[in-house]
Amino acid sequence: MSIDPILFPTDFLWGASTSAYQVEGAWNEDGKGPSVQDARTHVPEGTTDFTVAADHYHRYAEDVAMMADIGLKAYRFSIAWTRILPEGDGAENPAGIAFYHRLIDELLAHDIVPIVTMFHFDLPQALAERGGWANPATVDAFVRFGDILFREYGSKVTYWLTINEQNMMIQHGRMLGTTTLEGDAAQVDLFAQNHAMFLAQARVMARCHELLPQAKIGPAPNIAYVYPESCRPEDVLTADTWNAIRNWLYTDLAVRGTYNNVAWSYLERKGWAPSVTDEDLAVLASGKPDFVAFNYYATQTVAAPSGDESDLRRRGEDQQMVRGEVGLYKAVDNPNLPKNAFGWEIDPVGFRMTFRALWDRYGLPLLVTENGLGARDTLGDDGMVHDDYRIDYLQRHIEQIRLAVGDGVGVLGYCPWSAIDLISTHQGFAKRYGFIHVDRDEFDLKSLARSRKASSYWYAQVIESRGASLDA
Ligand code: BG6
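The following refers to the structure shown. Predicted, not measured: the structure shown is a model, and the values here were computed from it. (Residues numbered from 1 in each chain as written. Predicted model: local features only at pLDDT ≥ 70, side-chain atom pairs only at ≥ 80, totals over all residues. Heavy atoms only, no water.)

**A look at the overall build of the protein chain**
Check the secondary structure of the protein chain and you find 15 helices and 13 strands. A globule of 472 residues ought to have a C-alpha radius of gyration of about 23 Å, and the protein chain, at 21 Å, matches this closely. Over its C-alpha atoms, taken along the principal directions, the protein chain stretches across nearly 60 × 55 × 45 Å. Sorting the 472 residues of the protein chain into buried and exposed places 60% on the buried side. When contacts within the protein chain are restricted to residue pairs at least 6 apart in sequence, long-range pairs at least 24 apart make up 75% of them. For the protein chain, the exposed surface amounts to about 17600 Å²; the carbon and sulfur share of it is 52%. In the protein chain, 42 positive and 64 negative side-chain charges are present, and the distance between their average locations comes to 2 Å. (Helix = DSSP H or I, 4+ residues; strand = E, 2+ residues; numbered from the N terminus. Rg over C-alpha atoms; globule rule 2.2 N^0.38 Å. Buried < 20%, exposed > 50% of the residue type's maximum accessible area, 1.4 Å probe, protein only. Contact = heavy atoms within 4.5 Å. Areas by Shrake-Rupley, 256 points an atom, 1.4 Å probe, with all protein chains shown as cover. Lys, Arg positive; Asp, Glu negative; His and termini not counted. Charge placed at Lys NZ, Arg CZ, Asp CG, Glu CD.)

Shown next as structure tokens:
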């Protein structure tokens, strides 16, 4: 007797993702103001800047047509705050507003659902110079920016994401280019910024529901479920602690409107706790998400701390590499997991675990807004990228989504990173993720021509067959 494979729902949002500063280019065109990414002086040596990127700003129509060829049902992209409000606040920029109308209209014309991230690492530089998120005026500016987006695009966009990877901006902000602060003293400022972002997010979620009753909005943190190195109770407890501080702090605030108790006591112990007023608590309670979106690349593994420098990872620091913190948790490599070319562990089973954990905690539908494999792709003699390694990665992860659905988890969709080759946060253009290849190198812009990779044909079949092709 053969058993029918579980098919994904017909309205499953099969998509792919990008972010504005990593894909658009046109960094100073049509009235756009500079963001902290444009002002970045510490893009690592040997990697490109963000001025041209994949030139999506000029080639969006061609890109959307290719997404439609692949059969994408959704496209998750971010709106550059500095195209809408070049100074972050102040005058609106009609040309920037018009660009996203054109992009969204193009998507809708191809039956592709737009999923809009409101803020993805690109704070307006003008606001950064006035204290960034630590200045309450930035929260007001973000709420106003949100109101403009809802006014302009609310009749066309159902799915909204507030802030991309707030947790990574706090934990790895220097590497991501979202902060220039460093050292212990910076932590007080960073957690004040963190609190401000929670307030901004809650206010925007409340405004969204008020202005657009049909819309759905949620946060988009980076979740790396944390494993203990062993079943030693101290290791298990440490994993629980790091889960609370790295992951649940952010999702608990977004969904429940309260600080996670383990994370809060850590912040108090360190002297990094922000001041929280009764008014803040009311604001946090007033904004609720309709779903939880999350970016998943890998799990992390930790052990009980030794209390000295041996708790720290010796080389590399990155949003996916477990770093360790003296006296809090020891960073450990998971010997059961392979790594990609950039040292990131690959853990499809951890993906299912992450779905279960988030569903258990909140019971809200889940939307995957990133997952994917960064690799140094090369064009074959036939002019195509034969990215079998990416197909293998995606296949293993999508299988785990299907298993999570079988576990009873509600999943809205899957938007891997990335729709098209773009610039990595800190490892340049050579670290590619796209379904669509872009003909450029790190510094040589070449033709910027687009071509589909083998993975895009494979993904097209998965989408078309609602996952049945995974079993072929
Ligand atoms: C996520 C970010 O952290 O991971 C993306 O939201 C980023 O902006 C992606 O590009 C992949 O990371 P990286 O560092 O390889 O670009």
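**Some thoughts on the site of the ligand**
Around the ligand sit 16 residues, and of these Gln 22, Glu 165, Thr 425, Lys 431 and Tyr 433 come closest. One of the side-chain N or O atoms of Asn 164 is found 2.9 Å from an oxygen atom in the ligand. Side-chain polar atom of Ser 424 to an oxygen atom of the ligand: 3.1 Å apart, as the coordinates give it. In terms of residue class, the shell around the ligand is built from five nonpolar, eight polar and three charged. (Near = heavy atom within 4 Å. Polar contact = N/O pair within 3.5 Å; in protein donor to acceptor, adjacent residues only side chain to side chain. Nonpolar A, V, L, I, M, F, W, Y, C, P; charged D, E, K, R; others polar.)

**Topic: the environment of Val 226**
Note that Val 226 resides in strand S6 (residues 226-228). Through-space distance from the C-alpha of Val 226 to that of Thr 301 is 5.6 Å; in sequence the pair is 75 residues apart. With sequence-adjacent residues up to four places away left out, Val 226 is seen in contact with Ala 239, Trp 242, Asn 243, Asn 247, Gln 300 and Val 302.

**Points about the environment of Tyr 457**
For Tyr 457, the position within the fold is in helix H15 (residues 454-464). Measuring from C-alpha to C-alpha, the distance between Tyr 457 and Ile 70 comes to 6.8 Å, with 387 residues separating the pair along the chain. Among residues more than four places away in sequence, those in contact with Tyr 457 are Met 384 and Arg 452.

**Things to note about the pattern of salt bridges**
Taken as a whole and judged by the stated rule, the model has 31 salt bridges. As a salt-bridge pair, Arg 76 and Glu 370 come within 2.9 Å of each other at their nearest N and O atoms. Of this pair, Arg 76 sits in strand S2 (residues 74-78) while Glu 370 is found in strand S10 (residues 366-370), placing the two residues 294 residues apart along the sequence. The pair Arg 76 / Glu 370 is uniform in exposure class, with both members buried. For the salt bridge of Asp 333 with Lys 339, the shortest nitrogen-to-oxygen distance reads 3.2 Å. With relative accessibility at 43%, the residue Lys 339 sits in the partly exposed group. Residues joined in a network through salt bridges with shared partners are Asp 377, Asp 387, Arg 390, Asp 421, Arg 432 and Lys 453. (Salt bridge = Lys/Arg side-chain N within 4 Å of Asp/Glu carboxyl O.)

**Side note on the sheet that holds strand S4 (residues 159-164)**
Taken together, the eight strands give an open sheet; going across it, the order is S5-S4-S3-S2-S1-S11-S10-S7, and neighbouring strands pair in parallel fashion. The open sheet has two edge strands, strand S5 (216-220) and strand S7 (292-295), and neither has a second partner. Between one strand axis and the next, the sheet turns through 30 degrees on average, direction left out of account. Each of strand S3 (113-119), S4 and S5 touches helix H9 (residues 184-211); the most contacted strand, S4, lies at about 170 degrees to it. (Pairing = 2+ DSSP bridges. Axes fitted to C-alpha atoms, helices over the stretch in contact; angles between N-to-C directions.)

**Some remarks on unusual backbone geometry**
The omega torsion across Trp 417 and Ser 418 is 10 degrees, close enough to zero to call that bond cis. By the element assignment, Ser 418 lies in the loop between strand S11 (411-414) and strand S12 (436-438). Unusually for a residue other than glycine, Ala 26 sits at a positive phi of about 45 degrees. If you trace the backbone, Ala 26 turns up in the loop between helix H1 (20-23) and helix H2 (56-70). With a phi angle near 50 degrees, Ala 53 is a residue other than glycine that sits in the positive phi range. In this structure, Ala 53 sits in the loop between H1 and H2. With a relative accessible area of 0%, Ala 53 lands in the buried category.

**Describing the sheet that holds strand S8 (residues 300-303)**
In space, the three strands of this open sheet follow the order S6-S8-S9, with mixed pairing throughout. Bordering the open sheet on either side are S6 and strand S9 (330-332), each of which pairs with just one other strand. The sheet shows a mean angle of 45 degrees between the axes of neighbouring strands, direction not considered. Sheet topology places S6 next to S8; three bridges connect them, and they run parallel. Residue pairing in the sheet places Tyr 227 in a bridge with Thr 301 of S8.

**Thoughts on the side chain of Asn 222**
Relative to the helices and strands, Asn 222 resides in the loop between S5 and S6. Polar contacts involving the side chain of Asn 222 include one to the side chain of Glu 165, which spans 3.0 Å. When near neighbours in sequence (up to four residues on either side) are disregarded, Asn 222 contacts Glu 165, Asn 167, Met 168, Arg 246, Asn 247, Asn 295, Tyr 297, Gln 319 and Gln 320.

**Re the packing of aromatic side chains**
Taken as a whole and judged by the stated rule, the model has 35 aromatic pairs. Look at Phe 99 and Tyr 100: their rings are 4.8 Å apart centre to centre, the planes differ by 70 degrees, and that puts the pair in the edge-to-face class. As far as the burial class goes, Phe 99 and Tyr 100 line up, both buried. Put simply, the rings of Phe 8, Phe 12, Trp 14, Phe 435 and Tyr 459 pair up and form one aromatic cluster. Taking the ring centre of Trp 344 as reference, the NZ or CZ of Lys 431 above it sits at 3.9 Å. Geometry around Phe 429 places Arg 440 over its ring, the cationic atom sitting 4.6 Å from the centre. (Phe/Tyr/Trp six-rings, centres within 6.5 Å; stacked < 30°, edge-to-face > 60°. Lys NZ or Arg CZ within 6 Å of the ring centre and 35° of its normal.)

**Examining the packing of H2 against helix H4 (residues 94-109)**
Running from N to C, H2 and H4 point in directions that differ by 10 degrees, and their axes come no closer than 9 Å. The orientation of H2 with respect to H4, classified from their angle, is roughly parallel. The two elements H2 and H4 cross, and the hand of that crossing is left-handed. Contacts between H2 and H4 pair His 56, Tyr 57, Tyr 60, Ala 61 and Val 64 from the former with Ala 95, Phe 99, Arg 102, Leu 103, Glu 106 and Leu 107 from the latter. The residue makeup of the contact of H2 with H4, split by class, is eight nonpolar, one polar and two charged. (Parallel < 35°, antiparallel > 145°, perpendicular 65-115°, else oblique. Left-handed = near helix turned anticlockwise from the far one by under 90°.)

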